[in-house]
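One letter stands for each residue in the lines below.
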Amino acid sequence: MALTAEVSGEAGLDVAAAGALRADEVLARLGGTDDGMRQAQAERRLAAVGPNALRTHRARRAAVLARQLRSPLLILLAVTAAASFFLGEPADALIIGVILAASVGLGFFNEYRAEKAAEALHSQIRHRCLVRRDGHPGLVDVTGLVPGDVVELRLGDVVPADLRLLRVAELECEESVLTGESMPVAKSTRPVGAGAALAELSCCALMGSVVHTGSGTGVVVATGGRTTFGRIALRLGERHPETEFQVGLRRFSLLLVRVAAVLTVAIFVINIVLRRPVLDALLFSLAIAVGISPQLLPAVVSTGLAAGTRRLARHKVLVKRLVCIEDLGDIDVLFTDKTGTLTEGRISFMRSPGPDGRPADEVLELGLLCNEAVVDRRSGQAGGPGGVAGGNPLDVALWNAATAGTQAGLSRYRRLAIVPFDHERRRVTVLLEHADGHRLIVTKGAPETVLELCTGIGDQARIMLEAEFDAGNRVVAVATRRLPDAASQVAALTPADEHGLTFRGLLVFLDPPKAGARHALERLSGLGITVKVLTGDNPAVAARLCAELGLTSGRVLTGADVDAADDSRLASLIEQCSVFARVSPEHKARIVRTQRRGGLDVAFLGDGVNDALALHAADVGVSVDAATDVAKDAADVLLLEKDLGILADGVTQGRRIFANTMKYVLMGTSSNFGNMFSAAAASAFLPFLPMLPSQILLNNLLYDSSQLAIPTDTVDAEQLSRPSRWDVRLIRRFMLFFGPISSLFDFATFAVMLGVFHAAPPLFRTGWFVESLATQVLVIFVIRTRRVPFFRSRPGVPLLLAALGVVTAGAVIPFTPVAPALGFQPLPGPFFLIVLLMVAAYLALIEVGKRWFYRTTPAAPAGRERTPAHPLHRRAHRFTTTAAITRGALSPAVSRGADGRRAR
């Protein structure tokens, strides 16, 4: 019987079915108890049902290799190589096959290495929840949850699975990621009718939703793909919405496809008209198409991203996806909160003045009674079993104050009910019962909101409050109301009871400016990033802190100012202001969206539940490893320390990677276009092919191999001082401007080979092979910088060695034993002197053209849009694992996609 109960509880329950049952019936069906499961039982169940995950984040060799092989051009070349073999040209088939294998191998090696780096990165990002097992609460990875686990929910938590609620305290959940409804949903423990709609499951908390207010406890009824969120996320597939960098790559690829298509068709037609063999014409045309496309661009990009990821990890920056590094470098404006970023974040309690301004220990005692921190009574410190911390930092600071343990009066009270803190009321209220039987309501929160609920406030209290604000201190007000005897037996408590309070005093906290904050702000300014502060704190406190750090504040906008302004007026105010105080989560998100509409790339740095909306609205969401779950899930980038200096390191690395990627793109498209244009033109007037298909592919492979060192190249300071973005128009102009310059020297080589050396086809092809390889490889030293190369900007040593090595290899190949098989023959000595002069003239002309080109090139466009799928994909990232996901962890409806393949 025990075994039967265990097996029936493994699969869990549909959340709608669980909502129609009483809580005790759900526990019985799942084989659990109110105190949670036994650890051994949970481990057995996890082995049976698999992790609470939607996707497997693992580097797979087969998948990486498949991506390398799915290029249509490579497939066509492989087919034509096979055709060459069967049509009696085994040498050509072998050469093409070797070159294709080398190209695919290089791409596979670099992309797989990047995938492994991403997997290692993913394993460092942990998401945990508070679970009761063996009768005690403890932190468990969300992927380790199983049906029957009892989970405790707190403000800001992301619900880790589908739960049937057992207990609630003013619990409300924000379910917009599932329903699209922006208003939070109130929760209860009462069963709903059978077949209730998703929006009517008030007794359930759904995976992926967020605890907006209150707290609660629930039992897990479904995990992974069996949850409502899981079914939606799996239907979307594993493809994340594109980042700006990926959009640029896609547009760039479309440009190359169009150019390659035109050249390929034109060359094929010309060769057929000239009555050349169809197979030779086809191979030559395809080789031209491959030659114009930078085949190793994915390898160069992934190599740069993987190297950047490792460097960022050393700088304590984690990115959820490699391509987010590029987005990090695009930042124009950074909105950030104040606590822990501009301040030390180690909030310490200072004093507790009463209404008359004199010290009053009673205020501290009331603050400890009206408190949401989880406290280990044995030590008297904030923190529960296993070091679980609860409550906001101010509550924790109260308990950790040296005098907290001396409050003997705490034991005289018993807490009966609580209205938890939320960001609309900005206060918390508790109902206490004294040992003598009388009951007391205690409210603690933002001074403005608490004083509005009090009667008989004197001028002394307001003067005292303003003095604390002017000193830059954080302040919490405390007020009470003693219940009359007639109401003394009422144990319920609602926000409606917060009235007629008596002001009892203030709790004053110190959060000093961070020592390195001023320097970090100066670094960000040097990177062209404007920093603006969004805080829920008092305007005077925020303004004073920013003034101390040298952050120009101008006028301080408040939430009321934001409400009063339309979008146009708000955009104007944002340009004038650097500090926004007493703003709600909705205000923060609106400010970020309004700034983005101005065409700027916006980042938001936050770590609280009230920051989630703004994190989703930003182009780049940044949070910290110690942030609330909802903030970490909404972010693209995590800082292991909340330090703007670390963020500046991340921005610098992002820009460095982008700058090096663009070097490859600009050089590759212009040089390849020039060489392929030369080949197309030459094939029209020469009685033979100017270069054999295998020679074109070898040239392209050697050239691309030399560029694998580009990610290690140094970057000029001016390229790091401002954001850079993809601009396909600039790439197209660059290609059309510099490509023909390259062709001029190709035509000069043709003239030299035919007019001076009277070259036959093998010698002609050898001479052009050496010249074209030298010019297109060495031009990187001019294109890599806008300065004078070598004198004012020195390349990285790996790039220098790689480029010179490939040029030397190209010059030596015609003298090796493999030369006849490749169609080469040794070149006369004078040819190398001529090539040396032509290369020098080419690089000088490119340098002159570069200066004119950049003077006349307009700035890149800015701005981008996020799709509605971004929040869901970001949230789904929380439920990924490097472990294998069994079929049982997926919903039967989605375990296989429409194409019949199993979802991961």
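Anyway, here's the lowdown on the structure attached to this text. Only a predicted model underlies this, so the values are computations on that prediction, with no experimental measurement involved.

Let us now look at the overall build of the protein chain. Along its length, the protein chain carries 34 helices and 25 strands. Across the 904 residues that make up the protein chain, the buried fraction comes to 58%. Accessible surface, the protein chain as shown: approximately 35,800 Å² in total, 60% of it carbon and sulfur.

Below, the discussion takes up the pattern of salt bridges. On inspection of all chains with the given rule, the structure shows 30 salt bridges. A salt bridge links Arg 523 to Asp 649, with the nearest nitrogen and oxygen atoms 2.8 Å apart. Taken together, the residues span a long stretch of sequence, with Arg 523 in helix H18 (residues 517–526) and Asp 649 in helix H25 (residues 644–685) at a distance of 126 residues. With relative accessibility at 28%, the residue Arg 523 sits in the partly exposed group.

The next subject is a nonpolar patch on the surface. Judged by side-chain polarity, Val 265, Val 269 and Val 273 come together as a nonpolar surface patch covering roughly 270 Å² of accessible area. Counting through the fold element by element, Val 269 comes out in helix H10 (residues 244–273). With a relative accessible area of 44%, Val 269 lands in the partly exposed category.

What follows is about the sheet that holds strand E9 (residues 317–319). Strands in a sheet are paired, the pairing made by backbone hydrogen bonds, and the direction either parallel or antiparallel. As summarised here, the arrangement of the eight strands in space is E9-E24-E23-E22-E10-E19-E21-E20, forming an open sheet in which the pairing is mixed. One side of each edge strand has no neighbouring strand; the edge strands of this open sheet are E9 and strand E20 (556–558). Direction aside, the axes of adjacent strands within the sheet are offset by 20° on average.

Here the focus is helix H33 (residues 829–855). With 27 residues, H33 should cover 39 Å at 1.5 Å per step; its first-to-last C-alpha distance of 41 Å lies within 8% of that length. Buried residues of H33: Phe 831, Val 835, Met 838, Val 839, Tyr 842, Ile 846, Glu 847, Gly 849, Lys 850, Phe 853 and Tyr 854, and no others.

Before going further, it helps to spend a moment on the packing of aromatic side chains. Counted under the stated rule, the structure contains 19 aromatic pairs. An angle of 35° between the planes, with centres 4.3 Å apart, marks the rings of Phe 734 and Phe 738 as tilted. With Phe 734 and Phe 738 both in helix H28 (residues 728–756), this residue pair falls four residues apart, about one helical turn. One exposure class covers both Phe 734 and Phe 738, and it is buried.

On to the side chain of Arg 784, then. The topology assignment puts Arg 784 in the loop between helix H30 (780–783) and helix H31 (797–812). Classification of Arg 784 by relative accessible area gives buried; the value is 2%. Within the structure, the side chain of Arg 784 is placed 3.1 Å from the side chain of Thr 714, a separation counted as a polar contact. Contacts of Arg 784, omitting those with residues within four sequence positions, involve Lys 663, Asp 713, Thr 714, Gln 719, Ser 793, Arg 794, Pro 795 and Leu 799.

To continue, consider the packing of H25 against helix H29 (residues 761–778). Between H25 and H29, the least distance of the axes is 10 Å, while the angle of their chain directions is 155°. One element, H25, and the other, H29, form an angle in the roughly antiparallel class. In the packing of H25 onto H29, the handedness of the crossing is right-handed. Mapping the contact onto sequence places Met 667, Ser 671, Asn 672, Asn 675, Ser 678 and Ala 679 in H25 and Trp 768, Ser 772, Gln 776 and Val 777 in H29.

Assignment of secondary structure puts Leu 822 in helix H32 (residues 819–822). For Leu 822, a relative accessible area of 14% translates into the label buried. Each C-alpha atom, one on Leu 822 and one on Ser 694, is 7.3 Å from the other, the two residues being 128 residues apart in sequence.

Counting through the fold element by element, Glu 448 comes out in helix H16 (residues 447–452). Taking the C-alpha atoms as reference, Glu 448 lies 9.5 Å from Arg 426; in sequence the two are 22 residues apart. Leave out the neighbours within four places in its chain, and Glu 448 touches Arg 426, Asn 538 and Arg 582.

Here is what the cut-offs are and how they apply
- Residues numbered from 1 in each chain as written.
- Predicted model: local features only at pLDDT ≥ 70, side-chain atom pairs only at ≥ 80, totals over all residues.
- Heavy atoms only, no water.
- Helix = DSSP H or I, 4+ residues; strand = E, 2+ residues; numbered from the N terminus.
- Buried < 20%, exposed > 50% of the residue type's maximum accessible area, 1.4 Å probe, protein only.
- Areas by Shrake-Rupley, 256 points an atom, 1.4 Å probe, with all protein chains shown as cover.
- Salt bridge = Lys/Arg side-chain N within 4 Å of Asp/Glu carboxyl O.
- Patch = residues over 30% accessible without salt bridge, like charges linked within 9 Å, V, L, I, M, F, W, Y side chains within 5 Å.
- Pairing = 2+ DSSP bridges.
- Axes fitted to C-alpha atoms, helices over the stretch in contact; angles between N-to-C directions.
- Expected span 1.5 Å × (residues − 1).
- Phe/Tyr/Trp six-rings, centres within 6.5 Å; stacked < 30°, edge-to-face > 60°.
- Polar contact = N/O pair within 3.5 Å; in protein donor to acceptor, adjacent residues only side chain to side chain.
- Contact = heavy atoms within 4.5 Å.
- Parallel < 35°, antiparallel > 145°, perpendicular 65-115°, else oblique.
- Left-handed = near helix turned anticlockwise from the far one by under 90°.

By themselves, these are just geometric observations and shouldn't be taken as functional.
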